[in-house]
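Structural description and commentary
Read off the chains here:
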There are 2 protein chains.
Amino acid sequence: MTGTGLFDRGEYEARLTRARAAMAAAGIDALVVTDPSNMHWLTGYDGWSFYVHQAAILGPDGEPLLWLRTQDMAGAYQTAFVARENVLTYPEAHVQNPDAHPYETLATILAERGLAEHGRAGAGRLGVEMDNYYFSAACLETLRAALPGTEIADATGLVNRARLVKSPAEIAAMRTAGRITARMHDVLRETARAGIRKCDLVAEVAAAGIRGLPEAGGDYPAIVPIAPSGREASASHITWNDRPMVRGEATYFEISGCFRRYHCPASRTLFLGSPPAEIRRGEETVLAAIEDALATARPGATCEAVAEAVYAAFRARGFEKGNRTGYPIGLSYPPDWGERTVSLRPGDETVLEEGMCFHLMPGLWTPDWGLAITESFEVTPAGGAPLAEIPRPIAVID
Amino acid sequence: MTGTGLFDRGEYEARLTRARAAMAAAGIDALVVTDPSNMHWLTGYDGWSFYVHQAAILGPDGEPLLWLRTQDMAGAYQTAFVARENVLTYPEAHVQNPDAHPYETLATILAERGLAEHGRAGAGRLGVEMDNYYFSAACLETLRAALPGTEIADATGLVNRARLVKSPAEIAAMRTAGRITARMHDVLRETARAGIRKCDLVAEVAAAGIRGLPEAGGDYPAIVPIAPSGREASASHITWNDRPMVRGEATYFEISGCFRRYHCPASRTLFLGSPPAEIRRGEETVLAAIEDALATARPGATCEAVAEAVYAAFRARGFEKGNRTGYPIGLSYPPDWGERTVSLRPGDETVLEEGMCFHLMPGLWTPDWGLAITESFEVTPAGGAPLAEIPRPIAVID
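Residues numbered from 1 in each chain as written. Chains lettered and ligands numbered in written order. Predicted model: local features only at pLDDT ≥ 70, side-chain atom pairs only at ≥ 80, totals over all residues. Heavy atoms only, no water.

Below, the discussion takes up the overall build of chain A. In terms of regular secondary structure, chain A is built from ten helices and 15 strands. Expected size for 398 residues packed as a compact globule is a radius of gyration near 21 Å; at 22 Å, chain A falls within 12% of this value. Projected onto its principal axes, the C-alpha coordinates of chain A cover approximately 70 × 40 × 40 Å. Counting over 398 residues, chain A shows a buried share of 67%. For chain A, contacts bridging at least 24 residues in sequence account for 70% of all contacts bridging at least 6. (Helix = DSSP H or I, 4+ residues; strand = E, 2+ residues; numbered from the N terminus. Rg over C-alpha atoms; globule rule 2.2 N^0.38 Å. Buried < 20%, exposed > 50% of the residue type's maximum accessible area, 1.4 Å probe, protein only. Contact = heavy atoms within 4.5 Å.)

Below, the structure is given as structure tokens:
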């Protein structure tokens, strides 16, 4: 989805200011940003080009630089706000070539612009996203070899954290995504029936997401539908298959609409036939946990307090839950629609602020079945406000 | 898509033998495999869990080990061929936690099993996929800190290269994917018209891919549809938007069906209205390049000879092409359906063997328009045999 036009120049300026404040606090003079979500957030650049090396470079002032494969220059001109002279490229011969890593050219660019030093120490600290999918070990080794005089610092999550509090324009985009998510769940409830192949059902749901709304077309979500049935649902990340759906099984669908790369995930559970008592008890537990967690999620509360609300609701009803129960969401690319910063789990004492957005995920997995009913919400003074309106109870389909 | 059942145990044994032969040739005693395509190829493991750290571990003998997040253990039991005792997990507290990298637990496992050494040198060489998306710089740094006595060697592409020649069962899966790709192009030609929003068209095409065939449901492709129109198509990796399609523009669709994670990408170009002479000249050029390249792609020819056939066809018709013109395909996960080993480009002297499969990509990009007509093919004694049957000429829609 071409990303231009959703945000004005002022929004990008504010983002750069926030990212630079975080750089200053971390003592980082220049930052190599490889997370495609962060690249987009800083520049507007959008394209399925992250399967080759690319980066945004943030120095102490001015526009960010975009550094891409030559073939992607035109895509940057079309989608990013930065001036054409700030779009830099590397030659095609460096694409997936074991003998010529693209970061050799990046090191040269950094040195030429005074953002790193080939030979002498003391040129300042260069931040890199050490634990990002798109910053491989080879990227680090190549930079180290080419820039021996540069101190390389871990800046994993630095930009992601600057994205935690959403602007009003971002919240609007997420609510649009939420209306797409709701439409996908409508199609799911209308289409699911015993005998339909899972792939045929998922096809209808995914198509509804891409169509989106009459006034706002849909984009691809950063995670494909997770849609396990019956015992499959004891696993967390099973996608789908071509077996017909059968009566007597619960299926949960973890799906998200996407609008201009902004997400609003929401899971719901379907049951074909009449749910047994233990699944009803699980449903009651998860619904109570959602209510309690949303009531807790006010500015000033901690992430762990929200998680504790979920765990307490589970414990009170005889269930145990150990894994984390939510994470921040927003602008994202595959393979994850989470922002990978804070977590709703014990030990995370991050204090909630108005405008933060989370996917609350009180999933319940037993050895024999799984049940997921989840909500994406915005932190408001009145508590967590759902970003989409989707009926929560198990959809019982006869 | 649950991956069990497509290949028998003998196929997995043969894969392990090939991977171990490559390890021996590279002097590698144990291998940490993070590429989810390689993990699946070695074990059958399938799930959208690669957004957290995970790996397959290949020692000198026996089954591979799978090392996953605790929540994904059940998914491994459902999809991988390995015995349950060979599915190892790390606790949820290590998930996306900046203070507790999961590779700390991996280092302990490697040392306990004699595959690496905490303290003393001489324990052999541990191979890692240094330039893979899912082996971040932090993975390397964590292993180095935890295993100072272990020599860590770059094994990027080692397993990928072992995958270059496909088995008959793999070729059959790719031809099934090719029939899905052909069905997607049928839907494209049937649905495209002036005035339809691009997202509505892409929704139909993507849904056809997920539905697949009556006897073989579709899986998610590793890349979403690339579908730029008019001047947008001067860029390479623009996905789609919600603008209505207009007469007088070329749109190319780079799409792939997917069956049990096996791909068969193919691009075609649509024109609404009557294509101008220069686009027809481009079409004629690309079609000739495909014929010449397929005729060249016999066992014994080199990758660069196939590329040269494309470039020569372009030059003979007054076009220049500099970027690589194809890459191997097969089993894949996002963000790339290529195997990232050899390339059809100058300087790559890899000799083709029967059963290798490539996506031949003689795309033509000008500042004002782009045209892509591509073929996935299998190397056979008679030349490159297309893996899908899809009419090649520009689809002219009035």
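From this point, the discussion proceeds with the structure in view.
Take the pattern of salt bridges next. Per the counting criterion, the structure on display carries 56 salt bridges over all chains. For R179(B), the salt bridge identified is with E215(B), shortest N-O distance 2.8 Å. You can see R179(B) sitting in helix α7 (residues 168–191) and its partner E215(B) sitting in the loop between α8 (198–211) and β7 (250–259), a full 36 residues away along the chain. With a relative accessible area of 44%, R179(B) lands in the partly exposed category. E232(B) is the partner of K198(B) in a salt bridge, and the nearest nitrogen-oxygen pair spans 3.8 Å. In this pair, K198(B) is assigned in helix α8 and E232(B) in the loop between α8 and β7, connecting sequence segments 34 residues apart. Judged by its relative accessible area of 2%, K198(B) is buried. A relative accessible area of 12% means that E232(B) is categorised as buried. Within the structure, one salt-bridge network assembled from shared partners comprises E141(A), R144(A), E141(B) and R144(B). (Salt bridge = Lys/Arg side-chain N within 4 Å of Asp/Glu carboxyl O.)

Residues and elements named next belong to chain B. For helix α1 (residues 9–25), with 17 residues, the first-to-last C-alpha span of 25 Å sits near the 24 Å given by 1.5 Å per residue. Along α1, the positions that sit buried rather than exposed are E11, Y12, R15, L16, A19, R20 and M23. Where α1 is buried, its residues contact β1 (30–33), α2 (36–43), β2 (55–58), α6 (158–162), α7 and β8 (262–272). Trailing α1 by a residue or two, G27 shows a phi angle of about 65°, which is positive. (Expected span 1.5 Å × (residues − 1).)

All right, on to empty space enclosed by the protein then. Enumeration over the complete set of coordinates arrives at seven cavities of 30 Å³ or more. Roughly 380 Å³ of internal volume is contained in the largest cavity. What lines the largest cavity is a set of 28 residues, among which I210(A), Y220(A), P221(A), V224(A) and V224(B) lie closest to the centre. The element contributing the most residues to the lining of the largest cavity is helix α8 (residues 198–211) of chain A, with three residues. When its residues are assigned to classes, the lining of the largest cavity shows 24 nonpolar, three polar and one charged. (1 Å grid on protein atoms, 1.4 Å probe; cavity = no way out; pocket = protein on both sides within 12 Å on 5 of 7 lines; lining within 4 Å. Points joined across faces, edges and corners; volume = space filled by probe spheres on them. Nonpolar A, V, L, I, M, F, W, Y, C, P; charged D, E, K, R; others polar.)

All names here are of chain A. For the pair helix α4 (residues 103–112) and helix α5 (residues 137–146), the least separation of the axes is 9 Å and the interaxial angle reads 45°. One way to sum up the angle between α4 and α5 is to call them oblique. α4 and α5 meet at a crossing whose hand is right-handed. Taking contact as the criterion, the partners of Y103, E104, A107 and L110 in α4 are, on α5, C139, T142, L143 and A146. Among the residues forming the contact of α4 with α5, the class breakdown is six nonpolar, one polar and one charged. (Axes fitted to C-alpha atoms, helices over the stretch in contact; angles between N-to-C directions. Parallel < 35°, antiparallel > 145°, perpendicular 65-115°, else oblique. Left-handed = near helix turned anticlockwise from the far one by under 90°.)

What follows deals with the relation of the copies chain A and chain B. In screw terms, the move from chain A to chain B is a rotation of 180° and a rise of 0.0 Å along the axis, fitting with an RMSD of 0.0 Å. In the structure described here, the two chain copies are related by an operation that fits a two-fold rotation axis. (Least-squares fit on C-alpha atoms with pLDDT ≥ 70 in both.)

All names here are of chain B. With antiparallel pairing, the four strands of this open sheet are ordered in space as β9-β10-β13-β14. Only two strands of the sheet have a single partner each, and these edge strands are β9 (326–328) and β14 (383–386). For this sheet the average axis-to-axis angle between neighbouring strands, irrespective of direction, equals 35°. (Pairing = 2+ DSSP bridges.)

Below, the discussion takes up the interface of chain A and chain B. Each partner contributes to the interface: chain A provides 75 residues, whereas chain B provides 75 residues. Here chain A and chain B share an interface that buries about 6,200 Å² over both sides, 52% of which is from carbon and sulfur atoms. Linking chain A to chain B there are four salt bridges. On inspection of chain A and its partner chain B, the count reaches 52 residue pairs in polar contact (both at pLDDT 80 or more). Those elements that place two or more of their residues in the side of chain A that touches chain B are α3 (73–79), α5 and α8 of chain A. If you tally residues by element for the side of chain A that touches chain B, the top one is α8(A), at nine residues. (Buried area = accessible area lost by both parts, 1.4 Å probe. Polar contact = N/O pair within 3.5 Å; in protein donor to acceptor, adjacent residues only side chain to side chain.)

All names here are of chain A. Summarising burial for strand β7 (residues 250–259): ten of the ten residues are buried, a large majority. With burial as the criterion, each face of β7 is covered, one bearing A250, Y252, E254, S256 and C258 and the other bearing T251, F253, I255, G257 and F259. In the sheet, β7 pairs with strand β8 (residues 262–272) via ten bridges, with the strands oriented antiparallel. By the bridge assignment, S256 is partnered in β8 with P265. Hairpin connection between β7 and β8: a loop of two residues separates the two successive antiparallel strands, and R260 in this loop has a positive phi of roughly 50°.

This next bit is on the sheet that holds strand β9 (residues 326–328) of chain A. All names here are of chain A. Strand order in the open sheet formed by four strands is β9-β10-β13-β14, with antiparallel pairing between adjacent strands. Each edge of the sheet is formed by a strand with only one pairing partner; in this case those strands are β9 and β14 (383–386). This sheet shows a mean twist of 35° between the axes of neighbouring strands, independent of strand direction. In the sheet, strand β10 (residues 357–360) pairs with strand β13 (residues 375–380) via four bridges, with the strands oriented antiparallel. Bridge pairing links L360 to E375 in β13.

Turning our attention to the packing of α8(A) against α8(B). Two elements in contact, α8(A) and α8(B), have axes separated by 8 Å at closest approach and are oriented at 165°. The pairing of α8(A) with α8(B) is recorded here as roughly antiparallel in orientation. Crossing hand, α8(A) versus α8(B): right-handed. Across the interface between the two elements, C199(A), D200(A), V202(A), A203(A), E204(A), A206(A), A207(A), I210(A) and R211(A) of α8(A) pack against C199(B), D200(B), V202(B), A203(B), E204(B), A206(B), A207(B), I210(B) and R211(B) of α8(B).

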